[in-house]
Amino acid sequence: MLTGRRFFEELDRDGDGQVTLEDLEVAMRKRKLPQRYAREFMRRTKSHLFSKSFGWKQFLSFMEQKEPTILRAYTTLCLSKSGTLQKSEIVESLNNAGLPANEDNAVAMMRFLNADTEESISYGHFRNFMLLLPSDRLQEDPRSIWFEAATVVAVAPPVELPASSVLKAALAGGLSCALSCSLMHPVDTIKTRVQASTLTFPEIMSKLPQIGVQGLYRGSIPAILGQFSSHGLRTGIFEASKLLLINVAPTLPELQVQSVASFCSTVLGTAVRIPCEVLKQRLQAGIFDNVGHAIVGTWNEDGLKGFFRGTGATLLREVPFYVAGMGLYAESKKAAQRLLGRDLEPWETISVGALSGGLAAVVTTPFDVMKTRMMTAPGGRRVTMSLVVVSILRHEGPLGLFKGAVPRFFWIAPLGAMNFAGYELAKKAMERKNEEQTAKELSQKKLASSG
């Protein structure tokens, strides 16, 4: 507490009991940290959106909130029996991390945290430095972060793809998408019927009594299975690609990381879903009565390649949709957080996800129309994207490429909420549970050692 108070007084340069953004920027420059960390620190610590400073109470609350994470990071270092760090312990910590382990670097690191003495570093010194870092950096190896800042030598973190993290991401993505797909399947059926025929949206809506509830849920089984498998695979690959890119190219802007990871994951995830999509659309359009008839009929008409009809159009729809959707979602969420000056509530995150998904869906509607026409075309006929586009433009005009845009927006918006935001919220819930389990294990170990 005493070192925390002293650190607050160090930040408060004019001694008026309030720390401003300028005070934080000076502290960041002194420690060779990016200036954006100052804005992030202010955003997380100030009491409300319009505050231009924060006092001791807000600082103490923020410090207590970060304490468990920082303490866990500190205990991973090679501490002395007194719980401090001396030159020899720092050299050993560097050696264990595979970093240049020599006395010069150890002295530089000690001076960086404690300019007055080279004798030892306490937890308070370490905590004061770690407090200035944004939340995402607190999850990194503290030895690399400290070494980087003290020696101004960038350290490329080791490429690690934690299987549990990727599997959790895959499970969260698959479940959230399967749930949203099952809820919104009737809207997708209406969209498919509009796109597969020459009828307009109002005309299809007038035929709802004849279609009936059973007709609206036609193709739901292959749709749900396809969405679960492909989106589970997509989100798993997305997380793995993102981790790999962050480690291999740490200077790459976040938007580019998101875009490249989305591209890789979407191409592979979509390839798994296309056969299910073909069956689903043929059932929705009324070409077949049930899944068994659809499988047998498609095989008899076109063989194996019949299950991959419209692959090109599907990829042209999915890749721009997810790259644009994930990028738009990430940037919109950041803009909303900056505007509000705080983390978004779950319902706000879901709203951003819905809007991002809906807008991306409207933009990619022409590729969706092409895909539907190719997948529902009579068997045995050669159908290409160019033929479909020419036919639509000749008989229905340019607006024909946007058939079903309205139901597609209202179908994809909830899917976007559940796929983008729901996936993130589900993953956070899993991580929170994991943190609680870790904290419980730590407390049990402490009790056992004290006993």
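Residues numbered from 1 in each chain as written. Predicted model: local features only at pLDDT ≥ 70, side-chain atom pairs only at ≥ 80, totals over all residues. Heavy atoms only, no water.

**Things to note about the nonpolar core**
The criterion, for reference: Residue types Ala, Val, Leu, Ile, Met, Phe, Trp, Tyr and Cys, when buried and joined through side-chain atoms within 4.5 Å, form a set referred to as a nonpolar core. Accessible area is worked out with a 1.4 Å probe on protein chains only. A residue is then buried under 20% of its type maximum, exposed over 50%, and partly exposed in between. Strands here are runs of E lasting at least two residues and helices are runs of H or I lasting at least four, both read from the DSSP assignment and numbered beginning at the N terminus. The criterion used for residue contact is that any of the two residues' heavy atoms lie within 4.5 Å.
Core analysis: the biggest nonpolar cluster contains 45 residues, and Phe59, Phe129 and Trp146 have the highest contact counts within it. The greatest single-element share of this core, amounting to 8 residues, is contributed by helix H4 (residues 56–75). Filtering out sequence-adjacent residues up to four positions away, Phe59 remains in contact with Gly4, Phe7, Phe8, Leu11, Phe41, Thr45, Phe54 and Leu131. Of all hydrophobic cores here, the second largest spans 8 residues; its members include Met184, Tyr322, Ala360 and Leu415.

**Some thoughts on the environment of Thr298**
Turning to its location among the elements, Thr298 is positioned in helix H14 (residues 291–302). The exposure class assigned to Thr298 is buried, which follows from its relative accessible area of 0%. For the pair formed by Thr298 and Pro378, sequence separation is 80 residues and the distance between their alpha carbons is 9.8 Å.

**Let's talk about the pattern of salt bridges**
Just so we agree on the cut-off: Put simply, a salt bridge is a Lys or Arg side-chain nitrogen that is within 4 Å of an Asp or Glu carboxyl oxygen.
Across all of its chains, the model carries 20 salt bridges by this definition. The salt bridge partner of Glu40 is Arg44, with a shortest N-O separation of 2.7 Å. With Glu40 and Arg44 both in helix H3 (residues 36–45) and 4 residues apart, the pair spans about one turn of that helix. Using a relative accessible area of 21% as the deciding quantity, one classes Glu40 as partly exposed. For Asp302, the salt bridge goes to Arg309, with nearest N and O atoms at 3.7 Å. When its relative accessible area of 13% is taken as the criterion, Asp302 is described as buried. Via salt bridges that share partners, Asp188, Lys191, Glu277, Lys280, Asp368, Lys371 and Arg408 belong to a single interconnected network.

**Quick word on empty space enclosed by the protein**
Applicable threshold: Here the term cavity refers to a set of points on a 1 Å grid, laid over the protein atoms alone, in which a 1.4 Å probe fits but cannot get out; the term pocket refers to an open set having protein on both sides within 12 Å along at least five of seven lines, with lining residues being those that place an atom within 4 Å of a point. Grid points are joined across faces, edges and corners, and a volume is the space filled by probe spheres set on the points.
The final tally for this structure, using the stated rule, is 1 cavity of 30 Å³ or more. In this structure, the largest cavity spans a volume of roughly 180 Å³. Forming the boundary of the largest cavity are 21 residues, of which Gln227, Arg273, Trp411, Ile412 and Leu415 lie nearest the centre.

**Regarding the packing of aromatic side chains**
Note the threshold: Aromatic pairs are defined between Phe, Tyr and Trp rings, using the six-membered ring for Trp, whenever the two ring centres lie within 6.5 Å; interplanar angles under 30 degrees are classed as stacked, those over 60 as edge-to-face, and all others as tilted. Think of it as a cone above the ring: NZ of Lys or CZ of Arg counts as a charge over the ring if it is within 6 Å of the ring centre and within 35 degrees of the ring normal.
Applying the stated criterion across every chain, the model contains 11 aromatic pairs. For the ring pair Phe41 and Phe59, a centre distance of 6.4 Å and an interplane angle of 40° mean the geometry is tilted. Of this pair, Phe41 sits in helix H3 while Phe59 sits in helix H4, placing them 18 residues apart in sequence. Exposure class is identical for Phe41 and Phe59. Each is buried. Every member of this aromatic cluster is reached through a ring pair, and the members are Phe7, Phe8, Phe41, Phe54, Trp56, Phe59 and Phe62. The positively charged end of Arg5 is found above the aromatic ring belonging to Trp56, 4.7 Å away from the centroid.

**Considering the packing of H3 against H4**
Applied cut-off: For helices, the axis comes from a line fit to the C-alpha atoms of the stretch in contact; other axes are also lines fit to C-alpha atoms, and the angle between any two N-to-C directions lies between 0 and 180 degrees. Oblique is the label for any angle not covered by the other classes, which are roughly parallel (under 35 degrees), roughly antiparallel (over 145) and roughly perpendicular (65 to 115). In this classification, the charged set is Asp, Glu, Lys and Arg, the nonpolar set is Ala, Val, Leu, Ile, Met, Phe, Trp, Tyr, Cys and Pro, and all remaining amino acids, among them Gly, are polar.
Direction vectors running N to C along H3 and H4 enclose 100°, while the axes themselves pass 9 Å from each other. Between H3 and H4, the crossing angle belongs to the class labelled roughly perpendicular. In this structure, H3 uses Phe41, Arg44 and Thr45 to contact H4, whose residues at the interface are Gln58, Phe59 and Phe62. Of the residues belonging to the contact of H3 with H4, the class tally is 3 nonpolar, 2 polar and 1 charged.

**Observations regarding the environment of Trp347**
Among the secondary structure elements, Trp347 is positioned in helix H16 (residues 346–363). By relative accessible area, which is 58% here, Trp347 ends up exposed.

**Quick word on the side chain of Gln195**
Operational definition: N or O atoms within 3.5 Å of each other form a polar contact, as long as, within protein, one can give a hydrogen and the other can take it, and as long as residues adjacent in sequence are counted only when both atoms are side-chain atoms.
When you line up the elements, Gln195 lands in helix H9 (residues 163–196). Taking the relative accessible area as the measure of exposure, Gln195 reaches 0% and is therefore buried. In this structure the side chain of Gln195 is engaged in a polar contact, spanning 3.0 Å, whose partner is the side chain of Asp368. When sequence neighbours within four positions are dropped, the list of residues in contact with Gln195 reads Thr365, Asp368, Val369, Thr372, Arg373, Lys403 and Gly404.

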